[in-house]
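Each chain, letter by letter, is given below.
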Amino acid sequence: MAGVSEMSVGAAAACAGAVVWLVGGPHVGARRARLLFAGSGGVAGTGPPPLWEQLGGEVGRLRGRLGGEWWSAAAGVVLAVLGTSVVPLVMGLAGVPLLRRVRLTRRARQAQERRGDEVIALCGALAGEVRAGRQPGQALLRAARDGDGLGDAQPAVLAAARFGGDVPDALAVAARQPGADGLLGLAACWRVAVDRGAGLAAGVDRLEAALRAERDQRADLRAQLAGARATAVMLAGLPVLGLLLGTALGSDPLHVLLHTGPGLGCLVVGGVLEGLGMWWAMRIVRGAEAM
């Protein structure tokens, strides 16, 4: 039994080391050395990279294509081998779609934030062009030339600005994209400036300041909630730490959980409670971010 426990500990340590090596990349130290000794002749390599660097690059590309959610399946395979049970494999495969959803949600949020930044930059550039003496249509054409604040609706908005179309309506359509809500304010400023002869630059300046303040407020709130989110994730990982400690003490918790009735019951109940706890904690954090 002691030999099996030592073997389990060794396999778990080897798997953890492999994960760290794959996530961090095997060429971090070499890249740091090149940066430190660049130009001094200390590290000079003009030939092909070593084999381990090539393998690390291939692993990185494979990881980028598959997505991080497949680490759940890999962990399930490792635990299934260590515990000689198919239950961890099934749980690992079940976690793949959940982790994919989390990854896609995070990517959509990042794209939304980038679009919001582009809208702010568009407002600033438009105000500068108008203040330089250009007409609103020409100013919008020049301001949107180097940015992506209009997104997929950019051809329609620029066509309306170039040929005298309804620019506010085109901006309102563009504002339906995630993160482009600020274009509604730009459409209102445009309509007021054209219909009533008000200063477009002053209105767009105020709009840019308001959007920038709102973005900074969201960033500050997210920073304040980062501690709560990290605490929830840390607490969710405590059962894994308990399994590692139990294995190190020689109690073989994987055998108890996967090959006994009470162990399977504890695994099911614990997994359900763990999932509910994470869902509830993240729901509280998301609710606080939306306030």
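Residues numbered from 1 in each chain as written. Predicted model: local features only at pLDDT ≥ 70, side-chain atom pairs only at ≥ 80, totals over all residues. Heavy atoms only, no water.

> Explain the overall build of the protein chain residue by residue, including any values.
Within the protein chain, the regular secondary structure consists of 13 helices and zero strands. Reading the protein chain from its N end, one meets helices and strands in the order α-α-α-α-α-α-α-α-α-α-α-α-α. When each of the 291 residues of the protein chain is scored for burial, the buried share is 27%. Considering only intrachain contacts with a sequence separation of at least 6, the fraction spanning at least 24 residues in the protein chain is 56%. Surface exposure of the protein chain reaches about 18,100 Å², of which carbon and sulfur atoms provide 66%. (Helix = DSSP H or I, 4+ residues; strand = E, 2+ residues; numbered from the N terminus. Buried < 20%, exposed > 50% of the residue type's maximum accessible area, 1.4 Å probe, protein only. Contact = heavy atoms within 4.5 Å. Areas by Shrake-Rupley, 256 points an atom, 1.4 Å probe, with all protein chains shown as cover.)

> So what about the confidence of the model for the protein chain? Which residues, and what values?
Looking at the protein chain as a whole, the pLDDT averages 79, with 76% of positions reaching at least 70. Element-level mean pLDDT values for the protein chain span from 45 in helix α2 (residues 28-36) up to 91 in helix α8 (residues 167-174). Confidence drops under pLDDT 50 across residues 1-9; counting only partners more than four residues distant or on other chains, this segment forms six contacts. Below a pLDDT of 50 lies the segment residues 16-46, which in the model reaches 18 contacts outside its immediate sequence neighbourhood of four places, other chains included. (pLDDT = per-residue confidence, 0-100.)

> Outline helix α6 (residues 136-143), listing residues and values.
When we look at burial in α6, the residues that qualify are G137, A139, L140 and A143. Across the axial projection of α6, the buried residues extend over an arc of 165°, all falling on one side. (Arc of directions from axis to C-beta.)

> Report on unusual backbone geometry, specifying residues and quantitative values.
For T84, which is not a glycine, the phi torsion comes out positive at approximately 50°. With respect to the secondary-structure elements, T84 resides in the loop between α4 (70-83) and α5 (87-131). Positive phi is not limited to glycine here, since D252 has a value of about 55°. On the basis of relative accessibility, which here comes to 18%, the residue D252 falls in the buried class.

> Which residues make up the packing of aromatic side chains, and what values go with them?
Using the criterion set out here, one finds one aromatic pair in the structure. Plain terms: the ring middles of W279 and W280 are 6.0 Å apart, the flat faces sit at 50° to each other, and that makes the pair tilted. Exposure remark for W279: the relative accessible area of 47% places this residue in the partly exposed category. (Phe/Tyr/Trp six-rings, centres within 6.5 Å; stacked < 30°, edge-to-face > 60°.)

> Mind laying out the state of the cysteines, listing which residues take part and the relevant values?
In this structure the tally under the stated criterion is zero disulfides. For C123, which is in no disulfide, the shortest distance to another cysteine sulfur is to C189 and amounts to 7.7 Å. (Disulfide = S-S within 2.5 Å.)

> Before we move on, can you summarise the environment of D146 with the specific residues and values?
Among the secondary structure elements, D146 is positioned in the loop between α6 and α7 (154-162). Look at D146 and you get exposed, because its relative accessible area is 70%. Separated by 21 residues in sequence, D146 and A125 have C-alpha atoms that sit 9.8 Å apart.

> Quick one: what's the story with the packing of α6 against α7, residue by residue and with numbers?
The N-to-C vectors of α6 and α7 enclose an angle of 150°; their axes lie 8 Å apart at closest approach. As judged from the angle between their axes, α6 and α7 are roughly antiparallel. Here the hand of the crossing between α6 and α7 comes out left-handed. Note on element contacts: α7 touches α6 through V157, L158, A161 and R162, opposite G137, L140 and L141. Among the residues forming the contact of α6 with α7, the class breakdown is five nonpolar, one polar and one charged. (Axes fitted to C-alpha atoms, helices over the stretch in contact; angles between N-to-C directions. Parallel < 35°, antiparallel > 145°, perpendicular 65-115°, else oblique. Left-handed = near helix turned anticlockwise from the far one by under 90°. Nonpolar A, V, L, I, M, F, W, Y, C, P; charged D, E, K, R; others polar.)

> Requested: an account of the pattern of salt bridges, with residues and values cited.
In a structure, side chains of opposite charge can pair up when their charged atoms sit close to one another. On inspection of all chains with the given rule, the structure shows twelve salt bridges. Two residues, E214 and R218, come together in a salt bridge whose shortest N-O distance is 3.4 Å. Of this pair, E214 and R218 both sit in helix α10 (residues 200-236), four residues apart, roughly one helical turn. A residue is classified by how much of its surface remains accessible, and E214, at 42% relative accessible area, is partly exposed. Among the charged side chains, a network of salt bridges with common partners joins E69, R100 and R103. (Salt bridge = Lys/Arg side-chain N within 4 Å of Asp/Glu carboxyl O.)

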